[in-house]
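So you can see what is in the structure, the chains are spelled out below.
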Amino acid sequence: MNSLSTMSCVSRGCRCGRSHGDGLQCSSSPCRWCELVIKHRYHAARADVETFLRDDQAMGIYLYGELMLSSSRKHKVLARKCLSAVANEMDANSLLCVVCSVRN
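Residues numbered from 1 in each chain as written. Predicted model: local features only at pLDDT ≥ 70, side-chain atom pairs only at ≥ 80, totals over all residues. Heavy atoms only, no water.

1. Re the pattern of salt bridges
The test is simple: Whenever a carboxyl oxygen of Asp or Glu lies within 4 Å of a side-chain nitrogen of Lys or Arg, that contact is scored as a salt bridge. Under the scheme used here, helices are H or I runs from DSSP no shorter than 4 residues and strands are E runs no shorter than 2 residues, and both carry numbers assigned from the N terminus. Burial classes follow relative accessibility: with a 1.4 Å probe on protein chains only, a residue under 20% of its type's maximum area counts as buried, one over 50% as exposed, and anything between as partly exposed.
For the structure shown, the criterion picks out 2 salt bridges. Of the charged contacts, one joins glutamate 50 and lysine 81 as a salt bridge, the two residues approaching to 3.3 Å between their closest N and O atoms. Of the two residues, glutamate 50 is situated in helix H3 (residues 46-55) and lysine 81 in helix H5 (residues 73-86); the sequence distance between them amounts to 31 residues. By relative accessible area, glutamate 50 is classed as partly exposed at 24%. Between arginine 54 and aspartate 55 there is a salt bridge whose closest N-O contact spans 3.2 Å. Looking at arginine 54, the relative accessible area reads 43%, which means it is partly exposed.

Structure representation (structure tokens):
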């Protein structure tokens, strides 16, 4: 668990959807947390985005687009890295959607 995860969800406005060491459970959507990480270029939480894209592939399709629309080179590299890691596990329609957004 990283140092960010041990802080109070209330004090940091956490959106990760996980329980933390302080016993609090985030009630907001993990997808929304990832959107905020991308929007505000919070590179320290890129691992949360990577985990979400790996573990929740159907919800992650939108986030691939957000990563590729970002002007951050690190975001684009992350999108391509995650896609290459899960491409063999994705259904054909989801893969097609993501590949189209990552190629552009």
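So that's the structure; there's more coming.
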